[in-house]
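# Summary of the model geometry
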Amino acid sequence: MLFKKQILFLSFTLAVSSFLPSCESNLADDSQTESNYAQQQTVLPENEAQKAFARILSVAADKYPSVRTFLKNEALKQYDRDYDVFYPYVKDRVIESGRSFRDILVSCSSESEIKTIENSVPLLTVMIPDLSSFDAFSVKTWDTSDEQLAVTYATGNDNSVFYADGDSLLELPNGNLPDFPFLVVKSNERMKIVSSAATRAGMIRQYDFSDPAFDGTKSKVTRASNYDLDSKEAEPDDKPYLKASELDSKCIEAYKLSKNNKYLIDREYVYYNLSPQNPENGRLDPNIREKFYKFRISPNKYYNIIDKNDSPDPRLKDEVFYRKGLPSDEQIAKDLWTNGAYEFEISAFMGNTNVADTKIIPVKGADLFYISKFHVRHKHKTAFRHSKWWYSTSPEYLKGKWVDISSQNVYLTHTWDLSNSPVNIYIKMLEMDDDATTTITQNYTANYVYGLNGKIGSEKNNLKVELGFSSQVKSEKTYSISYQYKEKDDQFGSVLLNFNDPIIVSDKLYSSKGYEMYSFNTGSFDLLIAPISIR
């Protein structure tokens, strides 16, 4: 059907500007008549109720810009997949100065009249059209700051009567299209009443969509859809934690002692049993080692560790495909990685040891990185095929996981004897690849406790060691160290583990996650190292 557009701004403006009364005065005569009628009869014919509501709404929308803005915003939500504002759902929404939409309508009519309309049109709705395809008014481009607005109604309005500020503005001949902002009062054919009950306060009704396809509050269902989906797999902790059962008890005791003595160095207690109660004559425990518990790789290193196309290292797949039922998000995250494992190499240098023992740690891609978001491509089930899902992701949605290697019992050093070892240990980490091997030599500086010689705590030469000895004036020595390196290997940098570094930093989440541990960070990786007795 072809529509002929009428340009009616001039007549609309003249009609509205000729008389602009207030809400309270404009409807004095008509409202009193309809109010008396409402007291005698609680239900109006639907067309009469729609007509009355259109007239009242035209006054409210003219007087209150907030009403116009409210209606537009609600219509754009498309709660029923059309630009409808379902009155029962929005009537009690507060618009301005603590007053609801209904309160404003009552101020422009009366309580009894509004109640009669509500009883007469239980599916009362305000529709705001989108006629942009006809180059006419559209709710999408409606400038609600402009007070020029007309309201019409749908049932029995054969002459297309429009109201502006309570007055009958014009009649639009059939086949003509308004070229000005307007609202349509109607009953909503996309909603239904599922239950009702009469109370002293009025009729209480429950509503639902007449068909689930009209439910705009849910994701739109199409035969083929694309959307992003947050992972439901638990996110990894940002900080590292260890349970009491995983830690050496002396580490926990040192932390508790340090709460009362900020000068206590944790490892002096763990290695030498020095404490405020025993401030001198410490003896070295030869069974303590520094254990490598956890590490984490920054996701910004993803492209570095897969930088070669022929590398066997795990990498993200373009997508994974599922038919029928879907596995868990954790399983989907695993399936998005190719086979294989990264091989991380960690080396620790302790003073006069030129080449340290090297530890190799294999890690799968899904164990190294957490995927926070998936992109889903979905084809819905039809009579001829099952549902199909394609999942993918991108490196921007990766987050580093804490890789727990505590069960592997990786010890980085021999016992930390400060009589012949420095107070810091140089630790280096890289990710290994297959390539020609090159020996790298570099220098690093180690610090020693000044004046300590011999075997601390030995039976033959039991030196006097006092609390705080590891923070005394130190001497420095520079060492040349060597390690094997391949051209394709990715170096992650290095850290210095100092004897006076803390071990535990907090017990706030002791009962749930465990003790928060001190860790080392280079921007590329994090390490969690703590002393433990091997006997």
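Look up a bit, the structure's there.
Reading guide: rules and limits
- Residues numbered from 1 in each chain as written.
- Predicted model: local features only at pLDDT ≥ 70, side-chain atom pairs only at ≥ 80, totals over all residues.
- Heavy atoms only, no water.
- Helix = DSSP H or I, 4+ residues; strand = E, 2+ residues; numbered from the N terminus.
- Buried < 20%, exposed > 50% of the residue type's maximum accessible area, 1.4 Å probe, protein only.
- Contact = heavy atoms within 4.5 Å.
- Areas by Shrake-Rupley, 256 points an atom, 1.4 Å probe, with all protein chains shown as cover.
- Phe/Tyr/Trp six-rings, centres within 6.5 Å; stacked < 30°, edge-to-face > 60°.
- Lys NZ or Arg CZ within 6 Å of the ring centre and 35° of its normal.
- Salt bridge = Lys/Arg side-chain N within 4 Å of Asp/Glu carboxyl O.
- Pairing = 2+ DSSP bridges.
- Core = buried A, V, L, I, M, F, W, Y, C linked by side-chain atoms within 4.5 Å.

### As for the overall build of the protein
Each helix and strand counted, the protein has 13 helices and 32 strands in total. Taking all 535 residues of the protein together, 49% fall into the buried category. Taking contacts inside the protein between residues at least 6 apart in sequence as the whole, the part at least 24 apart equals 75%. Here the protein has roughly 26700 Å² of accessible surface; of this, 47% comes from carbon and sulfur atoms.

### Quick notes on the packing of aromatic side chains
Tallying each qualifying case throughout the model produces 32 aromatic pairs. Ring geometry for Tyr342 versus Phe344: centroids 6.1 Å apart, planes at 50°, classification tilted. Each member of the pair, Tyr342 as well as Phe344, is classed as buried. Taken together through their ring pairs, the aromatic side chains of Tyr79, Phe86, Tyr89, Tyr207 and Phe209 make up a single cluster. The ring of Tyr397 carries the charged tip of Lys373 above its face, separated from the ring centre by 6.0 Å.

### Things to note about the pattern of salt bridges
For side chains bearing opposite charge, pairing can occur when the charged atoms are close. The tally for this structure, following the rule as stated, stands at 19 salt bridges. Note that Lys239 is salt-bridged to Glu516, the shortest N-O span being 3.9 Å. Here Glu516 lies in strand S30 (residues 515-517) and Lys239 lies in the loop between strand S13 (224-230) and strand S14 (241-242), a separation of 277 residues in the sequence. Lys239 gets classed as partly exposed once you look at its relative accessible area, which sits at 41%. The partner of Glu319 in a salt bridge is Arg377, with the nearest N and O atoms 3.4 Å apart. In this pair, Glu319 is assigned in the loop between helix H11 (302-305) and strand S16 (320-323) and Arg377 in strand S20 (residues 373-379), connecting sequence segments 58 residues apart.

### Quick notes on the sheet that holds S30
Across the sheet, 3 strands lie side by side as S14-S30-S29; this open sheet has antiparallel pairing. Two strands in the sheet have a free side with no partner beyond their single neighbour: S14 and strand S29 (504-506). Where S29 meets S30, 2 bridges bridge the pair, whose relative direction is antiparallel. What sits directly across from Ser506, in S30, is Glu516.

### Here's the deal with the nonpolar core
Phe292, Phe295, Trp337, Leu368, Ile427, Met517 and Leu527 are the most contacted members of the largest nonpolar core, which has 68 residues in total. In this structure Leu368 touches Phe295, Ile297, Ile305, Tyr342, Phe344, Val363, Lys399, Gly400, Lys401 and Val403, once residues within four positions along its chain are discounted. Counting 52 residues, the second largest nonpolar core, distinct from the first, contains Ala54, Ile128, Tyr163 and Phe182.

Honestly, it's all geometry; don't read function into it.
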